[in-house]
Amino acid sequence: MTSLTVNRKKYELDVDPTTPLLWVLREKLQLTGTKFGCGMALCGACTVHLNGEAVRSCVTPLSRAAGKEVVTIEGLSPDLARPLQQAWITEDVPQCGYCQSGQIMAAAVLLRENSNPSDTDIDDCMTGNICRCGTYQRIRRAIHLAAKLKTERK
Amino acid sequence: MNAIINLSRRNFLKTSALAGGGLILGVHLPGLARAAEASQQGASPFPLNAFVRIGQDDTVTVIVNHSEMGQGPYTSIPMMVAEELDADWNKVRYEAAPVAPEYNHSVYGIQMTGGSTSTWSEWERVRKAGAAARQMLLAAAGETWGVSADTCRTENNQVIHGGSGRKLSYGELAEKASRLTPPQNPPLKDPKKFKLVGKPTRRLDTPEKTNGKAIFGLDVNVPGMVVAVIARPPVFGAKLKSFNAEKAKAIPGVQRVVEIERGVAVVADGFWPAKHGREALEIIWDEGPLASLDSRTQREQYAELARKPGTLALKQGDVATALGGAAKRFEAIYDLPYLAHATMEPMNCVADVRADSAEVWTGTQYQTGDRDAIVKDTGLKPEQVNAHDALRRRIRTPRRDR
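Residues numbered from 1 in each chain as written. Chains lettered and ligands numbered in written order. Predicted model: local features only at pLDDT ≥ 70, side-chain atom pairs only at ≥ 80, totals over all residues. Heavy atoms only, no water.

Student: Which parts of the structure should I look at to understand the pattern of salt bridges?
Tutor: Pairing between side chains becomes possible if they bear opposite charge and their charged atoms approach one another. Here the structure, examined in full by the defined rule, presents 28 salt bridges over all chains. Notably, a salt bridge pairs Asp219(B) with Arg26(A), separated by 2.9 Å at the nearest N-O pair. In this pair, Asp219(B) is assigned in the loop between α6 (206-209) and β10 (227-231) and Arg26(A) in helix α1 (residues 21-28), connecting two distinct chains. The pair formed by Asp219(B) and Arg26(A) is uniform in burial state, with each residue classed as buried. Of the charged contacts, one joins Arg307(B) and Glu304(B) as a salt bridge, the two residues approaching to 3.2 Å between their closest N and O atoms. One end of the pair, Arg307(B), and the other, Glu304(B), are both in helix α9 (residues 295-307), 3 residues apart, so they sit about a helical turn from each other. (Salt bridge = Lys/Arg side-chain N within 4 Å of Asp/Glu carboxyl O. Helix = DSSP H or I, 4+ residues; strand = E, 2+ residues; numbered from the N terminus. Buried < 20%, exposed > 50% of the residue type's maximum accessible area, 1.4 Å probe, protein only.)

What follows is the structure in structure tokens.
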């Protein structure tokens, strides 16, 4: 049995502890907002927060999440989710949309740590999240806007 | 909005083809089916035609027959319909069309998306669908008030009677309108009067792509579903020599190992055991004559081919003479690498195949082809097969294994 918290809810899971967190979230908890892209920590589509840090859930064994707090796109706290989602909508960021949960989860950590990120800060933080449609310019604009919205909200 | 629905609208949409633009209008649902559909679809139960449904809550649902892969038809096609319908854009929703002839590409005659054709090929048909629905709402209002429809106008999801200023919302008129005979050739707006088409409009599908709710092919879950992964040949044309099914089956969670035409499928109760099972297969391939083919060899072959005379497609003017007399000549060789039509979402497909029906969910650009392939593989009748593409991603129909 592995105990962990996902989106503020406690779970006791009888799952092989070597199973990547991604598959526990998607198949056992039906939290399919976290996406499977490469399975090798190369694309960022599976990004979730583990005790507040952005991790690649496709290479994070369930055992590493034991006793910790996992947050997925479905459970992102409103103070980060609202400005990010509003900015993403205003800037019309997604095309196919497959990478965007991962993009937003990565951007959320950046915004929490840095209330006014520069282009360079954004590029440095977001470089591991690949978008096949090439929405990078809009992602950057949306993060700037989200930072502004988040500050205004306070 | 994109919940998995087992009802096929095809079963109770009575359709008829019109001459010319191929506008198809569906009418008259049997009461029972309508109730069933209403409970499944929530707010927009009343179809005015194959492309428009309006709910009592005033929601306008546009059924989109082109796949959304990020290029925007889930927004552009509703815009065209809403323009002619005078719909309130804030009340417009989209829904992916099921596989049915009325949703065939207006030029290609099959249900598919590609070649940058979605907007222009629907330009007339879906506007006519919106215009026809509008006429039916006008007629329903006229009937309700006992006035001529000609004395009424439409604006922002409402029919307004010119003389009295009385108003009825589309939601209030939807049921009555859905029982009327659709007009055959509704007039279209003068483009000068467009309020929506040609104006910057935000995508309708962005919210669900920012909160994890958008359902892609890989996100579909059917109760009791198992997961198969396939070990595919490493080289084009390679043949399977041997593999160790027992070793794969020894992995906890692996249920079956199945040899298919081009590879081995490992079926398990989840992705992770299936992947472990695949890794345990100890496959030996006969890689065949293409084993040594590489990109450099291929490029050389292409260059060699390019130097040979080709098939004449078009002859216009005289290149040799024109170049001979040119003041300046530029020479360059352009070389592009092989570009895989690869998506970030791995190829996948969910199939629920039963004795008398098959439901398939897959990110696809070619619904008719998928449906036909499923019919061929299962021996079912086309009407027993529903291939869903309510799932957006960029993809080409995967190669079939038989």
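Student: Before we go on, may I ask you to explain the packing of aromatic side chains in this structure?
Tutor: In this description, a pair of aromatic rings is defined by centroid distance and the angle of the planes. On inspection of all chains with the given rule, the structure shows 7 aromatic pairs over all chains. A centroid spacing of 4.0 Å and a plane angle of 15 degrees characterise the contact between Trp23(A) and Phe271(B), whose relative ring orientation is stacked. On the criterion of chain membership, the pair formed by Trp23(A) in helix α1 and Phe271(B) in helix α8 (residues 271-279) is interchain, its members lying in two chains. Judged on exposure class, the residue Trp23(A) and its partner Phe271(B) are both buried. Aromatic side chains Trp123(B) and Phe194(B) sit 6.0 Å apart centroid to centroid with 90 degrees between the ring planes, which places their arrangement in the edge-to-face category. Highlighted residues: Trp123(B) in the loop between α3 (118-122) and α4 (125-145) and Phe194(B) in the loop between α5 (170-178) and α6, separated in sequence by 71 residues. Using a relative accessible area of 32% as the deciding quantity, one classes Trp123(B) as partly exposed. Positioned above the aromatic ring of Trp123(B) is the side chain of Arg127(B), whose terminal nitrogen or guanidinium carbon lies 3.9 Å from the ring centre. (Phe/Tyr/Trp six-rings, centres within 6.5 Å; stacked < 30°, edge-to-face > 60°. Lys NZ or Arg CZ within 6 Å of the ring centre and 35° of its normal.)

Student: For this particular structure, what's the right way to read the interface of chain B and chain A?
Tutor: A common measure of how large an interface is: the accessible area buried when the components associate. The interface is formed by 29 residues belonging to chain B together with 33 residues belonging to chain A. For the pairing of chain B and chain A, the buried interface totals around 2600 Å² over both sides, and the portion due to carbon and sulfur atoms is 59%. Of all residues in chain B, Thr210(B), Trp272(B) and Met344(B) give up the largest surface area on contact with chain A, accounting jointly for 27% of the area buried on that side. Run the count over chain B and chain A and you get 2 salt bridges. (Contact = heavy atoms within 4.5 Å. Buried area = accessible area lost by both parts, 1.4 Å probe.)

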